[in-house]
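Architecture and fold: a report
Chain by chain, the residues run as shown.
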Amino acid sequence: MRRLRSSTVVLGGMGVLAATITACGAEPDRRCADPVTLEELPGYRCETGDDDDDDGSTTRGAYYYGGKVRDARVTGGSFDRKAVDTGGFGCSSSGSSRSGG
C-alpha cells in the first residue's frame, strides 16, 4: 500500500478550500432587461441614467441577475441580486430564484 505525503494532502485540502471560498463569493450573471416586458436590452441601457438614448428609445433597463435568456426575454432569475443563489460547494441557498418584477 502506498502512503500519500503530507504535503500532497495539504495541497489538496488547500485546493478544495480555495474552490469553496471562490464559489460562495461568486456573483451571479447579470443582464440588462426591461422590468416590465422582461426583454433583454443592450448593456448601455442599464449603465446610463438618460431617459432618451441615442437610438431614440426611452426604455430604461434594470439589472436582472441569474436565469437565462429565452426568446429574447430573461427568465429564471430576479431583479434582486440577493434573491439569486450563486450556488457552489458548501454554500447555503437563501432565496428564491423567481422573477420579481
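It is worth spelling out the sheet that holds strand β1 (residues 30–33) at this point. One key point about sheets: their strands pair by backbone hydrogen bonds, in either a parallel or an antiparallel sense. Strand order across the open sheet formed by three strands is β1-β2-β3, with antiparallel pairing between neighbours. Edge strands, defined here as strands with exactly one partner in the open sheet, are β1 and β3 (73–78). Going across the sheet, the axis of each strand differs from the next one's by a mean of 75 degrees, ignoring polarity. Of the pairings in the sheet, the one linking β1 to strand β2 (residues 62–70) comprises four bridges and is antiparallel in character. Within the sheet, the bridge partner assigned to C32 lies in β2 and is Y63.

Turning to the packing of aromatic side chains, a few remarks are in order. In the structure shown here, the tally under the stated rule is one aromatic pair. Plain terms: the ring middles of Y64 and F79 are 5.0 Å apart, the flat faces sit at 80 degrees to each other, and that makes the pair edge-to-face. Of this pair, Y64 sits in strand β2 while F79 sits in the segment after β3, placing them 15 residues apart in sequence. No difference in accessibility class separates Y64 from F79, as the two residues are buried. Taking NZ or CZ as reference, R30 lies 3.9 Å from the ring centre of Y63, over its face.

With a phi angle near 65 degrees, L38 is a residue other than glycine that sits in the positive phi range. Overall, L38 belongs to the partly exposed group, its relative accessible area being 22%. Despite not being glycine, D71 has its phi angle at roughly 55 degrees, a positive value. Take D71: it is sitting in the loop between β2 and β3.

Each value, and the rule that gives it
Residues numbered from 1 in each chain as written. Predicted model: local features only at pLDDT ≥ 70, side-chain atom pairs only at ≥ 80, totals over all residues. Heavy atoms only, no water. Pairing = 2+ DSSP bridges. Helix = DSSP H or I, 4+ residues; strand = E, 2+ residues; numbered from the N terminus. Axes fitted to C-alpha atoms, helices over the stretch in contact; angles between N-to-C directions. Phe/Tyr/Trp six-rings, centres within 6.5 Å; stacked < 30°, edge-to-face > 60°. Buried < 20%, exposed > 50% of the residue type's maximum accessible area, 1.4 Å probe, protein only. Lys NZ or Arg CZ within 6 Å of the ring centre and 35° of its normal.

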